[in-house]
Amino acid sequence: MSAAKSSSKRIPPEQLPLNVRFRGCCAYEPIWQEMRQFTDMRTRDINDDLWVLEHQPVFTQGQAGKPEHVLHLDPTIPLVQSDRGGQVTYHGPGQLIAYPLIDIKRRGMGVRELVTCIENSVVDFLACYGIEAAAKPDAPGVYVDGRKIASLGLRVRKGCSFHGVSINFSMDLKPFLSINPCGYAGLEMVQFRDLVAPDQLPSFESFQQKYARMLALALGYVEPNIVMHSTSPLQINALEAP
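Now for a look at the structure at hand. The structure presented is a predicted model; accordingly, all values stated were derived computationally and were not measured. (Residues numbered from 1 in each chain as written. Predicted model: local features only at pLDDT ≥ 70, side-chain atom pairs only at ≥ 80, totals over all residues. Heavy atoms only, no water.)

Observations regarding the overall build of the protein chain
Here is step 1 of the chain: The helix and strand tally for the protein chain stands at four helices and 11 strands.
Here is step 2 of the chain: Burial status across the protein chain gives 54% buried among its 242 residues.
Here is step 3 of the chain: A fraction of 73% describes how many contacts in the protein chain between residues 6 or more apart in sequence connect residues 24 or more apart.
Here is step 4 of the chain: Summed over all atoms, the accessible surface of the protein chain reaches about 10600 Å², with 54% contributed by carbon and sulfur. (Helix = DSSP H or I, 4+ residues; strand = E, 2+ residues; numbered from the N terminus. Buried < 20%, exposed > 50% of the residue type's maximum accessible area, 1.4 Å probe, protein only. Contact = heavy atoms within 4.5 Å. Areas by Shrake-Rupley, 256 points an atom, 1.4 Å probe, with all protein chains shown as cover.)

Structure below.
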C-alpha cells in the first residue's frame, strides 16, 4: 500500500504504512541533510518513515548548545553544529540510532507526547531484557541507576519531526569523557552490553530490528503496516507519493 490519496474519505493515520529503513553505518551530515530534505519535500499524503542506523564517530551540538559543555575534543572526531534540540552528545559505531520522521500534526500528537512515547518505548524495550530503566521529567533521555543509556533530541518543522533517539548498545564510551553529555557535568554513560550477561547479548541487527518494531507500535502503527526497507527514500524518489 502506498500513501493515502487525497479524498473526502481519508485513511486514519495509524493505518498508513510506516516505512522502517535500516541504513547501516552512516556519516552524520549526509543523513541529517536527507532528513531535512525529506521533511521539506513531504506533503500530508506522504507516509511516515523510521530510519534505523549507526553513525560514524561524531560529536553533535544541539541548536541551543553551549560551548562550555565541550571540554576537549579528539581532533579525529568532527564536531557538527546540528539543528536538533538539546546539548552536545556523541555518536559512534555500536550505538543504535532511531530517527522517526513523523507527521505529528496528521497524527494529532504534540511534541511532548512524542518525546514521552519515545522514552517509554526505550524503557519498555530494556525491560524485555530485565533492565529497569526510567525517564526523567527534567532531563530528556533514559537512565539506569542514574547512568544515561539513551539520549534524545528532536526537531519539528512543518508539523513533522526529525532527528530522534540514540541507545548505547556496545560501543566505545570514552569520547563521552570529552564533553558534558547533554549538558550535564559528570553525567555517567552506560551501555546495554554491560547490563546483561554475555550469553544474553543479542546481535546488533536483532537489537535494531526489535527496537524498531517496538517504537513503531508505541507510535501507534498497527503491525501489518510496518514495512521494512533497506533503501533511502530519496534514493528511490521516495516519498511513497501516490
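Anyway, onward from the coordinates.
Let's talk about the layout of surface pockets
Here is step 1 of the chain: When its volume is computed, the largest pocket comes out at roughly 230 Å³.
Here is step 2 of the chain: In terms of lining residues, the largest pocket is bounded by 22 residues, among which Arg-84, Gly-85, Ser-151, Leu-152 and Gly-153 are the most central.
Here is step 3 of the chain: Listed by contribution, the elements that provide at least two residues to the lining of the largest pocket are strand S5 (89-91), strand S6 (95-101), strand S8 (139-144), strand S9 (147-157) and strand S10 (160-168).
Here is step 4 of the chain: Class assignment of the residues belonging to the lining of the largest pocket gives a composition of nine nonpolar, 11 polar and two charged. (1 Å grid on protein atoms, 1.4 Å probe; cavity = no way out; pocket = protein on both sides within 12 Å on 5 of 7 lines; lining within 4 Å. Points joined across faces, edges and corners; volume = space filled by probe spheres on them. Nonpolar A, V, L, I, M, F, W, Y, C, P; charged D, E, K, R; others polar.)

Concerning the pattern of salt bridges
Here is step 1 of the chain: Counted according to the given criterion, the structure contains 11 salt bridges.
Here is step 2 of the chain: Asp-103 is paired through a salt bridge with Arg-44; the nearest N and O atoms lie 2.7 Å apart. Of this pair, Asp-103 sits in the loop between S6 and helix H2 (104-107) while Arg-44 is found in the loop between helix H1 (28-41) and strand S2 (48-55), placing the two residues 59 residues apart along the sequence.
Here is step 3 of the chain: When the shortest N-O distance is used, the salt bridge between Lys-174 and Asp-172 registers 3.1 Å.
Here is step 4 of the chain: Lys-174 sits in the exposed class, given a relative accessible area of 57%.
Here is step 5 of the chain: Three or more residues are tied together by salt bridges with common partners; here these are Arg-36, Asp-83 and Arg-155. (Salt bridge = Lys/Arg side-chain N within 4 Å of Asp/Glu carboxyl O.)

As for the sheet that holds S5
Here is step 1 of the chain: Pairing within the open sheet is mixed, and its three strands lie in the order S4-S3-S5. This sheet does not close on itself; its edge strands, each paired only once, are strand S4 (79-81) and S5. Going from strand to strand, the sheet's axes swing by 30° on average, the running direction of each strand aside.
Here is step 2 of the chain: The pairing of strand S3 (residues 58-61) with S5 spans three bridges and is classified as antiparallel. The partner of Thr-60 across the bridge, within S5, is Thr-89.
Here is step 3 of the chain: Sitting on the sheet, H1 touches S3, S4 and S5, and the angle it makes with S4 is about 15°. (Pairing = 2+ DSSP bridges. Axes fitted to C-alpha atoms, helices over the stretch in contact; angles between N-to-C directions.)

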